[in-house]
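Each chain is listed here by its residues.
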Amino acid sequence: MFKERIQKILSQNGYSSRRKVESLIKEGRVFINDIPAKLGDKISSEDKVYIDGKEIKIPKEISPELLMYNKPVGEECSHTSSKRTIFDSLPKPKSGKWISIGRLDINTSGLLLITNDGKLANDIIHPSNQIEREYIARVRGKPLDSNLKKIMTGITIDKEKIFFTDLVKGKETSSHTWFALVIMSGRNRSVRKLWDSIGHEVSRLKRVRLGKLFLPKELKEGKFKRISPEEVLG
C-alpha cells in the first residue's frame, strides 16, 4: 500500500502546515496507531493518526477544491477563534479541512483564497512565485511625499525588508487619504505596519487582487465562488 510522509498527508488534507506538524511530532503530541510518531514516519489512509488524543480522519483520496471568498470586516481566518470566522460562511469541503491561503486580519476585508489541499496552498503562496497583493487603503491624515518615499524604499520588520512596489494617491478629505497600493510581502499586517512606521494609521483596508486574480465586483461580502488553480497560477 502506497504511503507518504505524515506531515505531507496532513498538510495536503488541510489539517496544518508541514512545519506545524513537524513541531507537533517533536512535542510528542502525534501518534500513529497508538505509537508516538517520529519525523520521517510514513502513513496511508489505513493508518489511524491521533493529535492530542483526537483521531484525524485521513481520506482515501483528496478532492481538491479552491474558493475565492470576499471576506467582510469582523471575521477571523482561524478554526479556533470564538468569534465569527470565514469558515462559518462556507460549505463543508468534499474531503479534508478548509485552510486559508494567506490571511487577512479581522479588520481587513476583500479577496481571500481558500482550499482543502495543503500542497495547492503552498504552490500558490510560495515566496518563489512573487505574488503581488493589491489593496485599497484609507489612512488617517495627509502623508508627506518624503514619507511616502520611505515606505516605497522599505523598512525592516522582523528581519524582513518590506515595501510597497506601487503606491497611487487617490481621494483626499480633511481627515483621510485614499491609496491604491501593491506589496509582495505576505507577512501578517505588513501593510498596516508600513503605514504605522511613518505615523499614519490605516482606518480601512481591502484586498482587491492576488497575482492576476481580481476580486469581482459582483461577488458580495461573505460570498464565495469556486475557481480553478489555473486562474491563479496561470
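A brief report on the enclosed structure follows. Predicted model, so just to flag it, every value in this text is computed and none were measured.

1. Section: the sheet that holds strand β3 (residues 35–36)
- Ordered by their spatial adjacency, 4 strands build an open sheet running β3-β2-β5-β6, and the pairing between neighbours is antiparallel. A strand with exactly one partner marks an edge of an open sheet, and here the two such strands are β3 and β6 (54–56).
- For strand β2 (residues 30–32) and β3, the ladder comprises 2 bridges, and the chain directions are antiparallel. Bridge assignment links Phe31 to a residue of β3, and that residue is Pro36.

2. Concerning the pairing of strand β7 (residues 66–71)
- Of all 6 residues making up β7, 6 are buried, and the element is well covered by its neighbours.
- Taking every second residue as pointing to the same face, both faces of β7 are buried, with Leu66, Met68 and Asn70 on one and Leu67, Tyr69 and Lys71 on the other.
- Two elements, β7 and strand β17 (residues 224–226), share 3 bridges in a ladder whose sense is antiparallel. Its bridge partner being in β17, Tyr69 is matched across the sheet by Phe224.

3. Some points on the pattern of salt bridges
- Applying the stated criterion across every chain, the model contains 12 salt bridges.
- We note a salt bridge from Arg29 to Asp52, for which the minimum N-O separation is 2.8 Å. A residue pair is termed long-range when its members are at least 10 positions apart, and Arg29 in the loop between α2 (18–26) and β2 and Asp52 in the loop between β5 (49–51) and β6 qualify at 23 residues.
- Among the charged side chains, a network of salt bridges with common partners joins Glu27, Arg29 and Asp52.

4. Let's talk about the pairing of strand β14 (residues 176–183)
- β14 sits mainly inside the fold: 6 of its 8 residues count as buried.
- Across 8 bridges, the pairing between strand β10 (residues 133–140) and β14 is antiparallel. Pairing of Ile136 across the sheet is with Ala180, part of β14.
- Where strand β13 (residues 164–172) lies against β14, 6 bridges are found, and the strand directions are antiparallel. For Asp166, the partnering residue across the bridge sits in β14 and is Val182.

Definitions and limits used
- Residues numbered from 1 in each chain as written.
- Predicted model: local features only at pLDDT ≥ 70, side-chain atom pairs only at ≥ 80, totals over all residues.
- Heavy atoms only, no water.
- Pairing = 2+ DSSP bridges.
- Helix = DSSP H or I, 4+ residues; strand = E, 2+ residues; numbered from the N terminus.
- Buried < 20%, exposed > 50% of the residue type's maximum accessible area, 1.4 Å probe, protein only.
- Salt bridge = Lys/Arg side-chain N within 4 Å of Asp/Glu carboxyl O.

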